[in-house]
Amino acid sequence: MVSVRYDRRGLPRFKALMASAALLAAVAAAGCGSGDGRVEAGAPGVTDKPCPEAVNKDHGCIYLGTISDLTTGPFRALGSAVTKAQRAFWDRVNRQGGIGGYDIDVVTYVRDNHYQPQAHVRAYDEMKDRVLALAQTFGSPETDAILGDLRAKKMIALPVSWTSRWEFEDDIVESGSSYCFEAMNAVDYGADEYGAKSVMAIHYTGDYGDDAAAGARIGARARGLSFTDVPTTQGAAVQNAAVQAIMTRKPDLVVLTTSPDDAASIIGRTVDAGFRGRFIGDNPTWDRSMLRDPSASAIKSRYLQVAPWKPYATDSPGHTAMRQAVGRTEPDDNLVSGWALSYPLKAALQRAVQKKDLTRAGLFAAVREITYVDYEGILPSEAGNSSGTPNDSAFRKTVFSRPDEHEFSGLKVLTDFTEGPTAKGYRLDRPCLAGP
């Protein structure tokens, strides 16, 4: 079941229309630092004392929480890279002068959820009265487990998950296209480039996989293609049913929404068994380690990734700043995710400072007024719009890439930001996984 809030008239409550004509100038004026002195704030997670490892010793401290999959979960490679990139992002902000007389701390409250909702809740309960907002909440089911309390506290949280549900939640600040629109674009790409006539969605249950499966179903229906839905569970050793479904149905296109390990298992086993179709995986399905898997040959020849942004080595000001900030490290596209996701929270903090309301309520209001975010070229600025209805503000464009071990991070970009006819024409009146 998907929970959607309603107003007194019985209508769904969308993100408020609070855009201001002066917003661009206001955000720019907020900048880093404050010429008028520090903004006073009495919110949890905002202190007059400097951060434990402050860059600016005369600044106060804004504490942001991080709850991620860091060690044992199926997305630990993504979670670890996102956390590393976010630490570098906010360190850069601090070195540029901080925000409103404060440094930003994303180090003190970092906890591992092991991709388990119960662990996520425990970590959140530990830090919720000590941080202003969550710089990262990893996973759709995990974030859903704390969503009620986020609403009650009007606490802003940045998800490392891309379900279309987040378009309908005022406390959740997302960047990039949802799994649903990724899958719609994957089906359109498969129909246009491969002449696909049949589509199968293999996916985890829950917001992650079900949202993508809904997008694939919508895309198949719009293009007049046959569609098969195959839910699966985590674990490369338990993909027999998924493999059997592919070999029995023989779809032209398989849309994968799993972990990298499970995707590699499914691709390798089916191709070895003679499957001739193609695979397109949603963003978290890919990891560079797949090129070292025994099924790497099949992955390189049959698999594409659909993602909300371009990979690590891309020539943009934002990608360049990220590479400089993270320093010497193995190229990793997951670092881009952590870096890109942080821009809207920076813009909201600047907006709250400009309005002299550095509280949870002030930050919440600031988010709902933002129509533009400067992603420094990683995403188009309109991708940061959080002021309109879900249908108006949802970003629908994605990037397609293919595995290539000769590229810095293992992916070669095939397209610029693009949206297929299905995503472009779809009216987002409810989360995709809620059905028609």
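Residues numbered from 1 in each chain as written. Predicted model: local features only at pLDDT ≥ 70, side-chain atom pairs only at ≥ 80, totals over all residues. Heavy atoms only, no water.

Novice: Quick rundown of unusual backbone geometry? Include the residues and the values.
Specialist: One non-glycine residue, Tyr115, adopts positive backbone phi at about 55°. Mapped onto the elements, Tyr115 comes out in the loop between β4 (110-112) and α3 (117-127). Residue classification places Tyr115 among the buried residues on the basis of a relative accessible area of 12%. Phi at Lys154 takes a positive value of approximately 50°, unusual for a residue other than glycine. (Helix = DSSP H or I, 4+ residues; strand = E, 2+ residues; numbered from the N terminus. Buried < 20%, exposed > 50% of the residue type's maximum accessible area, 1.4 Å probe, protein only.)

Novice: Please give an account of the packing of aromatic side chains that cites residues and values.
Specialist: Under the criterion given, the structure shown has 20 aromatic pairs. Ring geometry for Tyr179 versus Tyr208: centroids 4.8 Å apart, planes at 65°, classification edge-to-face. Residue Tyr179 is located in helix α5 (residues 179-194), and its partner Tyr208 is located in helix α6 (residues 207-223); the two are separated by 29 residues in the primary sequence. No difference in accessibility class separates Tyr179 from Tyr208, as the two residues are buried. Judged by centre distance (6.5 Å) and plane angle (75°), the rings of Phe181 and Tyr426 are edge-to-face. Within this pair, whereas Phe181 is found in helix α5, its partner Tyr426 is found in the segment after α14 (421-425), the two being separated by 245 residues in sequence. Within the aromatic cluster, the residues linked to one another by ring pairs are Phe75, Tyr115, Phe138, Trp162, Tyr179, Tyr204, Tyr208 and Trp309. Directly above the ring of Phe364 sits Lys154, whose terminal nitrogen or CZ lies 5.2 Å from the centroid. In this arrangement the basic side chain of Arg278 is found over the ring face of Tyr194, its NZ or CZ atom lying 4.5 Å from the centre. (Phe/Tyr/Trp six-rings, centres within 6.5 Å; stacked < 30°, edge-to-face > 60°. Lys NZ or Arg CZ within 6 Å of the ring centre and 35° of its normal.)

Novice: Could you give an account of helix α11 (residues 333-354), with specific residues and numbers?
Specialist: For α11, built from 22 residues, the straight-helix expectation of 32 Å at 1.5 Å per residue is met to within 8% by its first-to-last C-alpha distance of 33 Å. At Tyr343, α11 shows its largest kink, close to 25°, and the proline Pro344 lies no more than four residues downstream. Along α11, 21 of the 22 residues are buried, which leaves the element largely enclosed by surrounding structure. At the N-terminal end of α11, a side-chain oxygen is found 2.9 Å from the backbone nitrogen of Asn334, two or three residues along, and the residue is Asp332. Looking one or two residues past α11, Lys356 carries a phi angle of roughly 55°, positive in sign. (Expected span 1.5 Å × (residues − 1). Bend = angle between axes of the 7 residues up to and from the residue. Polar contact = N/O pair within 3.5 Å; in protein donor to acceptor, adjacent residues only side chain to side chain.)

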